[in-house]
Amino acid sequence: MRRVVFNQKGGVGKSSIACNLAAVSANEGYRTLLIDLDAQANSTQYLTGLTGDDIPMGIADFFKQSLSSGPFSKKNKVDIYETPFDNLHVVTATAELADLQPKLEAKHKINKLRKLLDDLDEDYDRIYIDTPPALNFYAVSALIAADRVLIPFDCDSFSRQALYGLLAEIEELKDDHNEDLQVEGIVVNQFQSRASLPQQMLDELLEEGLPVLPVYLSSSVKMRESHHASLPLIHLEPRHKLTQQFVELHDLLERADSMV
Ligand SMILES: Nc1ncnc2c1ncn2[C@@H]1O[C@H](COP(=O)(O)OP(=O)(O)OP(=O)(O)O)[C@@H](O)[C@H]1O
Ligand SMILES: [Mg+2]
């Protein structure tokens, strides 16, 4: 099962959600891989504690190989980083992804990630993909490679307008490239239960038939502490309210999936 976490809006919680769901998944015993496709490398730093030049080339190296490979060359490989957490591995991102992007586009490498994941499927039960805040080469590669897409949403009016466009783009991409892709749901992040506007907005979205998932993630300073310590919430503070919401969300997705 491959899940991509995507929203073209920046700062809505993609990396935080991808990493914490992956950490819960690994903690529940699933062999889990997180693939970081964002040149900002936030997920990489969060799960490995590495920064700057200490980060292995990871996914950039894989894409680089694909640029020089011909029809008779060996299969492109990717380096996998083992985190200190049981069952949790990472394919790291580096800033180099930004320079590589135009070359990958020019050489039509949009299906390379999907092929890589086909090869990795037998080693992992769950693959989570973190994406950059743009519908660029890497995000489209991920949407082509994935089975499910989760859309983080921050209950902001501008985000709401962007959401309709995003859902339309995903439908188009499904039609053209990946019929099996399913929008698993909209993940409400940094939900403020005391304000009336966010709930009102969510009620409207639900009335319109949008797939808003019923577990809302609260806003908590624990998230920043967790990033700072390079410890996913399930390891930093397993009993915290936000941690429990991640576990609930994870288990909800798994249950829904086992009923299909
Ligand atoms: N539930 C939460 N509670 C408090 N802070 C949060 C929560 N979720 C995310 N944040 C904070 O919001 C900021 C953005 O989160 P994150 O980096 O996960 O978003 P993103 O969508 O991956 O951003 P980008 O588009 O830049 O990749 C971070 O500072 C993070 O600590
Ligand atoms: Mg991010």
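Here, the structure is the one placed above.
Note that the coordinates shown come from a computational prediction; the quantities given were computed from them, not determined experimentally.

Each value, and the rule that gives it
Residues numbered from 1 in each chain as written. Chains lettered and ligands numbered in written order. Predicted model: local features only at pLDDT ≥ 70, side-chain atom pairs only at ≥ 80, totals over all residues. Heavy atoms only, no water. Buried < 20%, exposed > 50% of the residue type's maximum accessible area, 1.4 Å probe, protein only. Helix = DSSP H or I, 4+ residues; strand = E, 2+ residues; numbered from the N terminus. Contact = heavy atoms within 4.5 Å. Near = heavy atom within 4 Å. Polar contact = N/O pair within 3.5 Å; in protein donor to acceptor, adjacent residues only side chain to side chain. Areas by Shrake-Rupley, 256 points an atom, 1.4 Å probe, with all protein chains shown as cover. Nonpolar A, V, L, I, M, F, W, Y, C, P; charged D, E, K, R; others polar.

Asker: Account for helix α3 (residues 58-68), with residues named and values stated.
Answerer: Inspection of α3 places G58, I59, A60, F62, F63, S66 and L67 among the buried residues, and these make up the whole buried set. Residues of α3 that are buried make contact with β2 (32-36), β4 (88-91), α4 (96-106), α5 (112-120) and α6 (137-145).

Asker: Hey, could you go over unusual backbone geometry for me, with residue numbers and the actual values?
Answerer: When glycine is set aside, most residues are seen to have a negative phi, and most peptide bonds are trans. Not every positive phi belongs to a glycine, and N87 is a case in point at roughly 65 degrees. Examined against the element boundaries, N87 turns out to sit in the loop between β3 (81-82) and β4. You can call N87 partly exposed: its relative accessible area is 33%. Positive phi outside glycine occurs at S230, with the angle close to 50 degrees. Mapping S230 onto the fold places it in the loop between α9 (222-229) and α10 (233-236). Since its relative accessible area comes to 18%, S230 is described here as buried.

Asker: With reference to specific residues and values, describe the site of ligand 1.
Answerer: Near ligand 1 there are 20 residues, and of these G11, K14, S15, S16 and S218 occur at the shortest range. A distance of 3.5 Å separates an oxygen atom of ligand 1 from a polar side-chain atom of D38. In the model, a nitrogen atom of ligand 1 is placed 3.0 Å from a nitrogen or oxygen of the S220 main chain. Taking 630 Å² as the accessible area of ligand 1 by itself, protein coverage stands at 86%. Looking at the shell around ligand 1, the elements with two or more residues in it are α1 (14-27) and α9. Across the shell around ligand 1, the residue classes tally to 4 nonpolar, 12 polar and 4 charged.

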